[in-house]
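# Coordinates in review
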Amino acid sequence: MRDGRLLPSLAAPSTPPLDERPGIAGIAPAELAAWAGAQGERPYRARQIADFVWGRLAAGAAEMHTLPARLRAALERDFRVDTLADTSVRTADAGLTEKALHRLADGRLVESVLMRYPPRGGRRERATVCISSQAGCAVGCPFCATGELGFGRDLDVAEIVDQVRFWARRLATEGRRISNVVFMGMGEPLLNADAVIAAADALDDPARFGLGARHLAISTSGVIPGIERLTAMRPAWTLAISLHAARPDLRDILVPLNRRYPLDGVVAAATRYGDVTGRRVSYEYVLIDGINDTAADAGAVGDLLRGRLAHVNLIPMNPVAHTEWRPSGAARVDAFAREVRAAGVPVTVRRNRGDEIGAACGQLAAEQAGLAAPGAVRRRRDRMEREGAAALAARRP
Ligand code: SF4
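Here we summarise the structure given alongside this text. These figures come from a predicted structure and were not determined experimentally. Here the residue numbers are simple positions, counted from 1 along each chain's written sequence. In view of the model being predicted, local features appear only for residues whose pLDDT reaches at least 70, and side-chain atom pairs are presented and counted only at 80 or more, with totals across whole chains, interfaces and linings using the full set of residues.

### A look at the overall build of the chain
The condition that has to hold: Going along the chain from the N terminus, every DSSP run of H or I of four or more residues is numbered as a helix, and every run of E of two or more is numbered as a strand. Burial is judged by counting other C-beta atoms within 10 Å of a residue's own C-beta: 20 or more means buried, 12 or fewer means exposed, and anything between counts as partly exposed, with every C-beta placed from the backbone.
Along the backbone of the chain there are 12 helices and 12 strands. Scored against the burial criterion, the 397 residues of the chain give a buried share of 46%.

### Observations concerning the sheet that holds strand E12 (residues 347–349)
Counted only if it meets this: Strand pairing is defined by DSSP finding a minimum of two bridges between the two strands. Throughout, an axis means a line fitted to C-alpha atoms (over the contacting stretch in the case of helices), and angles, computed between N-to-C directions, take values from 0 to 180 degrees. Two residues qualify as a contact pair if the distance between their C-beta atoms, derived from the backbone, is within 7 Å.
Read across the open sheet, the 10 strands follow the order E1-E2-E3-E4-E7-E8-E9-E10-E11-E12; overall the sheet is mixed. Of all the strands in the sheet, the pair left with one neighbour each is strand E1 (84–92) and E12. Between one strand axis and the next, the sheet turns by 20° as a mean value, whatever way the strands run. The pairing of strand E4 (residues 126–130) with strand E7 (residues 180–183) spans three bridges and is classified as parallel. Note on E7: the bridge partner recorded for cysteine 130 is valine 182. The strands touched by helix H5 (residues 193–204) are E7 and strand E8 (216–220); relative to E8, the strand with the most contacts, the crossing angle is about 165°.

### Here's the deal with the environment of leucine 309
Mapped onto the secondary structure, leucine 309 falls in the loop between helix H9 (295–305) and strand E11 (310–316). Linking leucine 309 and tyrosine 273, residues 36 residues apart in sequence, is a C-alpha distance of 9.9 Å.

### Digging into helix H10 (residues 330–342)
What counts, and what does not: In a helix, the anticipated span is given by 1.5 Å times the number of residues less one. Each C-beta atom gives one direction from the helix axis, and the arc is the one those directions make.
Here H10 spans 18 Å end to end across 13 residues, near enough to the 18 Å set by a 1.5 Å rise per residue. If you check which residues of H10 are buried, you get Phe336, Glu339 and Val340. The arc enclosing the buried residues of H10, seen along the axis, measures out at 95°, which places them on a common side. For H10, the exposed residues set more than 90 degrees away from the buried face come down to Ala330, Ala331, Arg338 and Ala342. On its buried face, H10 sits against strand E10 (281–287), H9, E11 and E12. Once H10 finishes, glycine 344 follows within two positions and takes phi at roughly 85°, a positive value.

### Digging into helix H8 (residues 263–277)
Taking 1.5 Å of rise per residue, 15 residues should cover 21 Å, and H8 covers 21 Å from first to last C-alpha, within 8% of that figure. Listing the buried residues of H8 in full gives Leu263, Val266, Val267, Ala269, Ala270, Tyr273 and Thr277. The buried residues of H8 occupy an angular sector of 160° when the element is viewed end-on, so they sit on one face. Opposite its buried face, H8 presents the exposed residues Asp264 and Ala268, each directed more than 90 degrees away. In this fold, the buried residues of H8 make contact with helix H6 (224–233), strand E9 (238–242), helix H7 (248–254), E10 and H9.

Everything listed here is a matter of geometry and, on its own, says nothing about what the molecule does.
Here it is as structure tokens:
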């Protein structure tokens, strides 16, 4: 841990009590109505409960004070109103970035991040929340702190949307609202597609969270069946592809899922999504000094995306403990952006947020897990380091 201290409320890992009750935010409206009916309640009670969950962002049944005591007791018996057992928050960038480490009922740790964007150049103030879809991740990208944790488990619908409700509650105390939600935290969203799609539906739905489709983005490192499923659904959500390399041999190393779903197929599937939905596909590219930031790499990105409904986000890598890799310097980032733009592809350069609080995806959870299970995490970290170095050495002339 960078500052040598544990997060205060999460400092003592313990064996958590298992809680089998489903999270209420993951219950579809029709199911909730059926449950209320089974309790002998009139239909409007289900709407009242939904208003507490989504409108008033209740974290416990006790807050639902206009419900009869018997109904609150039944809710407590059958559901968890909040699936986040414990949360600790760190702040950085003079308050513009806040990162939460959430402990789930079974002790798993996941992260979410709030990024505030002050008003600028006629644009209104925005607040974007980045959420996790899995505890850990099986993809194992070598520049990512979540990768070193390995895969824990899929999150369920309520565990995903409760991260959003957590931040919405926090912003509400300031009279502010969330403007965007991105599924770009821990995990590969489209390897947990059922829960991610149901969560995005709940966040989109005007009768529930009501964020609106255009304010939701789902990222994937290239799970083609998941992209095809989204295409068939035709939502107006933004699809973000974690590109990170446009040359197949390098992408095999940086995004190991490339060996299963090669890049040409991923870009073809993403292009179909863009064509069907009319939404520009976003390509995320983490720039790593001397690894994927050469003129040849930029040229390959331009060649890959020229003429497509696409936009590239360049993000200098967040340094993580298990690798010596470092972010590309400003001059390299600018040259890379120029080269891609020269191919007619729009580019945005994103600034890293929250370096001092370990804002890299999975960094806080990896630190905490490293304390709880140092052997397993250390071994996985060593293996990723070894395999990444060997693979890169093999492709160099
Ligand atoms: S970058 Fe995303 S897909 Fe790759 S290991 Fe990290 S969480 Fe998984």
